[in-house]
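Below are the chains, spelled out letter by letter.
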Amino acid sequence: GKVEEQDEDIVVVSGNRLGKGFLVAVVDQYNQVVTSLPTAGSSVSLSPDAPPLPENVEVYFRQNTQYSNNGIFDFALLKVTTRPSTKIKLLVSVSIDKPKVLEYSSSSTTSRILANESDGDSLTLSLDVFVRNCQYGEVKAGWTCIKCGENASAVKNRQMFTVASTEKSCNSCPDEAFCWGGNNIAPKSGYWRTGTRSSEFELCPNEDACLGTAGEEDTEGNENGRCDEEKGYSGRLCAECLNGYIQAVGHRCSKCPSLTTSILLTIATILGSLALYAVFVYQARLGAQKSKSHLAIFFKIFTNYLQLTVLIGGYDFEWPEIVLQMFDTYQQIFGTTDQIGGFGCLIEEGNLKIETIYVQLLVTSLTPIITAILAAIFWALFGIGHKGRKRQVLNGYILTLTVVLFLLHPVIVKRAMEMFSCQKLDDGHSYLRADYSIRCWETNHLKWCYFVAIPALVLWGLGIPTVWLLFLLNSKQRLNQMRTKMRYGFLYNGYKRPRFYWELMNVYRKVSLAILVVFSSTFDKHMQALLALAFFVANHVIHVENEPYTDKTLNRAEEIGIISPGITVFCAIFLIPGTLPRDYKILLSTIVLLANGTFIFYWIYGAAQGLPSALKDSFPKLYSRFCLKGKEEEISVEIDSDVGLDSGPDSSSNSCSDSNSNQSCVAIVTADAAPELEVSVGMEIDDENTVDLQKYMNEDNLVPKTRSFKRSGIL
């Protein structure tokens, strides 16, 4: 006989049967099954082909010899047990009365023998059988491959899985996933799988963005899980945003407005930021002029509190939605250069080849330089309109830089530190938490770290507070002098003199927290929360022990500003498991809001106490109308008590009653009076807070300045 080439090997799983077995049929030259074969007179036998099978190979059939059933021989339950990845041969022998064609059929595999008349009544067919390796979803038991969860009657047993082909036992289905036997496994809602061969399930930074898998029929193509694309979520861990969306706090995606609206929002945000900076600078100038003015100090305390709260929002805890909204609001107030409302959308619209996170890093890092240029332009224009006040212009420029950099400093540190916050996933790569589309420590990422992030941290993150500290230490003996107060008074006004450096402690506190948030991100979330809680407890103890402010209300405000974010972190410890009932989440969210609301209300109470003084200094007529009900005499008395000249122990020696005499008339100006006399009156006051009044006492100089002198309490 002649054997035609076999189309495919018979593939079997070691220790498992070949489906329902296989059929052998006898056909004639017309390819028709010969159904007239005698049932008992024709038979087919199956045996290992010569040479003998390899050692430790077992071939099992229900029956090795089958008799014809209408020309078809059915070999059921073929099972081969041997070392996986082994090829063997099986010999099929048929005994019939007349020479015909022997055909083997199993799936698409077909081989046939064409018999000649001279071949007699015996035909043979050699079949190649390949025992494949164990596949994904199967485990090895000796030389047998067993599919996990197969033929399991109980649901619990069916929920076994494996994603490797070399494991010896099936794994229990993890709590974060659904399992349907074999390697058919998919994540639940809120989790993400890095690949079809991964058995690790990562908690999504924003659990609502990860939809998981709807069911067993939904796993094909969704082995990693599905993102809520209708709300703009996509990518790795569903932490990326589709085109037309911008990332907000907590890895939430917000839909971008139209291009025109984005431009208007960007302009409005920039103008709002400039207005905010102007208010702070103005209040800082008042604080330098009036030692009793605490409104500027309350603004500093409020800023410190908001910036600390925004920093703890960087933890990937299971924050409730309402808490995330609180973080988002705070960041919009004092994180304007970090995430300008509409600026990110403009970057997306521009289709730049640079990732948005890198553009934001570059803009944030250049902000101090931009601030210095804009401040120089403003004060240069101011100097043109106020000739002869060079020192006032220089003082204003330095104060503006101090105030604005104070507000921007935590934003710069936070953005630069984000470049080093990476998460390693099960695929072996680390990804930037701020943008999971970026692989960490590769060429492009390292370039931005080395040339932008690290210089920003060194120059601005550490350089700014270090320069401030050096200036304060150098001016330690001149803190009461007008020049020092007008330049750096924002940093030490309101503090006890032994604690004049305390604002720098607050700055380093925020830097330390930013570093803690980034470098503890590789720890367990409970450990992260405990470290953050310990940080706030330590800072609270330090504050209570020192009480650096001169006023009790200021000390309490600062204390509550440390306790409130500490309570927020404490509540996060209970939110981390993510399995709390809804009522408990509502309770914890309420505690967080009450803690932060307590600070807000106390701050409003304290700031309101300083509002009349600020109103009196800035708008005396409004103060007179609303606070003193139009009593001009009372406001004159109050102004006289705040600003004036100190005649010293011998008042007659400082008397300047004789305006025509050539006697030099020198008066000592009180610390509170000096700044206002120089700014509003134009007096030349030296570093020792003394002024020569002789040139102001002649008739020509006295008349034009009468109203200014009256307002300053000199006349």
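Below: a short report on this structure. Counting restarts for each chain, with residues numbered from 1 along the sequence as it is written. Local features in this predicted model are restricted to residues whose pLDDT is 70 or higher, and side-chain atom pairs enter the listing and the counts only when it is 80 or higher, whereas totals over whole chains, interfaces and linings include all residues. Hydrogens and waters are ignored; side-chain quantities use all the structure's heavy atoms.

So, the overall build of the protein chain
Okay, so step 1: Across its full length, the protein chain holds 18 helices and 32 strands.
Okay, so step 2: Here a residue-residue contact requires only that any non-hydrogen atoms of the pair lie within 4.5 Å. Nonlocal contacts in the protein chain, meaning residues at least 24 apart in sequence, comprise 65% of its contacts between residues at least 6 apart.
Okay, so step 3: Using a 1.4 Å probe, the Shrake-Rupley method yields the accessible areas, and only the shown protein chains count as cover for residues. Carbon and sulfur atoms provide 55% of the accessible area of the protein chain, an area that totals close to 35100 Å². Counting from the N terminus, the helices are DSSP H or I runs at least four residues long and the strands are E runs at least two residues long.

Description of the pattern of salt bridges
Okay, so step 1: The term salt bridge refers to a pairing of a side-chain nitrogen on Lys or Arg with a carboxyl oxygen on Asp or Glu at a separation within 4 Å. Summed over the entire model, instances satisfying the criterion amount to ten salt bridges.
Okay, so step 2: The residue E503 makes a salt bridge to K300 at a minimum N-O spacing of 3.5 Å. Taken as a pair, E503 in helix α10 (residues 502-519) and K300 in helix α3 (residues 295-312) lie far apart in primary sequence, 203 residues in all.
Okay, so step 3: Taking the shortest distance from any N to any O, the salt bridge between R509 and E558 comes out at 3.3 Å. Separated by 49 residues along the polypeptide, R509 in helix α10 and E558 in helix α12 (residues 552-575) bring together distant segments of the chain. Side by side, R509 and E558 carry an identical accessibility label, which is buried. Only protein chains enter the area calculation, which uses a 1.4 Å probe; residues under 20% of their type maximum are buried, those over 50% are exposed, and those in between are partly exposed.

Here's the deal with helix α6 (residues 356-385)
Okay, so step 1: Expected span, for any helix, means 1.5 Å times one less than how many residues it has. Under the 1.5 Å per step criterion, the end-to-end length of α6 is 42 Å for 30 residues, consistent within 8% with the ideal 44 Å.
Okay, so step 2: Values of bend correspond, residue by residue, to the angle between axes fitted over the seven residues ending at that residue and the seven starting there. Along its length, α6 reaches its greatest deviation from straightness, about 45 degrees, at T367, and the proline P368 lies no more than four positions downstream.

A short note on the pairing of strand β14 (residues 144-147)
Okay, so step 1: Across four bridges, the pairing between strand β13 (residues 138-141) and β14 is antiparallel. The partner of V139 across the bridge, within β14, is I146.
Okay, so step 2: Any two strands between which DSSP finds at least two bridges are classified as paired. The turn linking β13 back onto β14 is made up of two residues, and G142 within it adopts a positive phi angle of 70 degrees.

Side note on the environment of S564
Okay, so step 1: Mapped onto the fold, S564 is located in helix α12.
Okay, so step 2: Considering only alpha carbons, one finds S564 and L594, 30 residues apart in sequence, at a separation of 8.8 Å.
Okay, so step 3: When near neighbours in sequence (up to four residues on either side) are disregarded, S564 contacts Y305, A595, N596 and F599.
Okay, so step 4: Here A595 takes part through its backbone oxygen, which lies 2.8 Å from a polar atom of the side chain of S564. Two N or O atoms count as a polar contact when they lie within 3.5 Å, although within protein this holds only if one can serve as hydrogen donor and the other as acceptor, and sequence-adjacent residues are included solely when both atoms are side-chain atoms.

Here we look at a nonpolar patch on the surface
Okay, so step 1: On the surface, a nonpolar cluster with roughly 820 Å² of combined accessible area is contributed by L362, L366, I369, I370, I373, L374, I377, L381 and I384.
Okay, so step 2: Mapped onto the elements, I384 comes out in helix α6. Patch membership is restricted to residues that have no salt bridge and whose relative accessible area is over 30%. Joining uses 9 Å for like charges and 5 Å for the nonpolar side chains Val, Leu, Ile, Met, Phe, Trp and Tyr.

A closer look at the side chain of N304
Okay, so step 1: Checked against the element boundaries, N304 lands in helix α3.
Okay, so step 2: Among the polar contacts listed, one links the side chain of N304 to the side chain of E503, at a separation of 3.3 Å.
Okay, so step 3: With residues near it in sequence (within four places) discarded, N304 still touches F406, E503, N506, K510 and E558.

A short note on unusual backbone geometry
Peptide bonds are, in most cases, trans, and in most cases residues other than glycine have a negative phi.
Okay, so step 1: One non-glycine residue, L237, lies in the positive phi region at around 60 degrees.
Okay, so step 2: Inspection of the secondary structure assignment puts L237 in the loop between β23 (233-234) and β24 (240-241).
Okay, so step 3: Positive phi, close to 65 degrees, is recorded for W441, a residue that is not glycine.
Okay, so step 4: One can find W441 in the loop between β29 (435-439) and α8 (443-474).
Okay, so step 5: Residue classification places W441 among the partly exposed positions, given a relative accessible area of 42%.

As for the packing of aromatic side chains
Okay, so step 1: Any Phe, Tyr or Trp ring, taking Trp's six-membered ring, that has another such ring centre within 6.5 Å forms a pair; planes under 30 degrees apart are called stacked, those over 60 apart edge-to-face, and the others tilted. Scanning the model with the defined rule gives 20 aromatic pairs in all.
Okay, so step 2: Measuring from ring centre to ring centre gives 5.9 Å for F299 and W603, while their planes differ by 75 degrees; the resulting arrangement is edge-to-face. Placement of F299 in helix α3 and of W603 in helix α13 (residues 582-618) is noted, with a sequence separation of 304 residues between them.
Okay, so step 3: A network of ring pairs unites the aromatic residues F280, F299, F302, Y305, Y330, F599 and W603 as a single cluster.
Okay, so step 4: Lysine NZ or arginine CZ positioned within 6 Å of the ring centre and within 35 degrees of the ring normal marks a charge as sitting over the ring. Just above the ring of F178 sits the side chain of K188; from NZ or CZ to the centre is 5.5 Å.
Okay, so step 5: The side chain of K300 reaches across the aromatic face of F490, ending 5.2 Å from its centre.

Some details on the state of the cysteines
Okay, so step 1: We call a pair of cysteine sulfur atoms a disulfide whenever their separation is within 2.5 Å. As enumerated under the stated definition, the model contains six disulfides in all.
Okay, so step 2: Disulfide partner of C227: C238, at an S-S distance of 2.0 Å. Across the disulfide from C227 to C238, rotation about the S-S bond amounts to roughly -90 degrees, and the bridge is consequently left-handed. Residue C227 is located in strand β22 (residues 226-227), and its partner C238 is located in the loop between β23 and β24; the two are separated by eleven residues in the primary sequence.
Okay, so step 3: Two residues share a disulfide in this structure: C422 and C440, whose sulfurs sit 2.0 Å from each other. Its S-S torsion of about -95 degrees marks the bond between C422 and C440 as left-handed, since a negative value means left-handed.

Some remarks on the packing of α6 against α8
Okay, so step 1: As a packed pair, α6 and α8 sit with axes 10 Å apart at the nearest point and diverge in direction by 25 degrees. The pairing of α6 with α8 is recorded here as roughly parallel in orientation. The interaxial crossing formed by α6 with α8 has left-handed handedness. Residues Y358, L361, L362, S365, P368 and I369 of α6 lie in contact with α8, whose contacting residues are N444, H445, W448, V452, A453, A456 and W460. Note on method: axes are straight lines fitted to C-alpha atoms, helices fitted across the in-contact stretch only, with angles between N-to-C directions ranging 0 to 180 degrees. Roughly parallel refers to an angle under 35 degrees, roughly antiparallel to one over 145, roughly perpendicular to one between 65 and 115, and oblique to any angle outside these ranges. Two helices crossing with the near one rotated counterclockwise from the far one by less than a right angle form a left-handed crossing, whereas a clockwise rotation gives a right-handed crossing.

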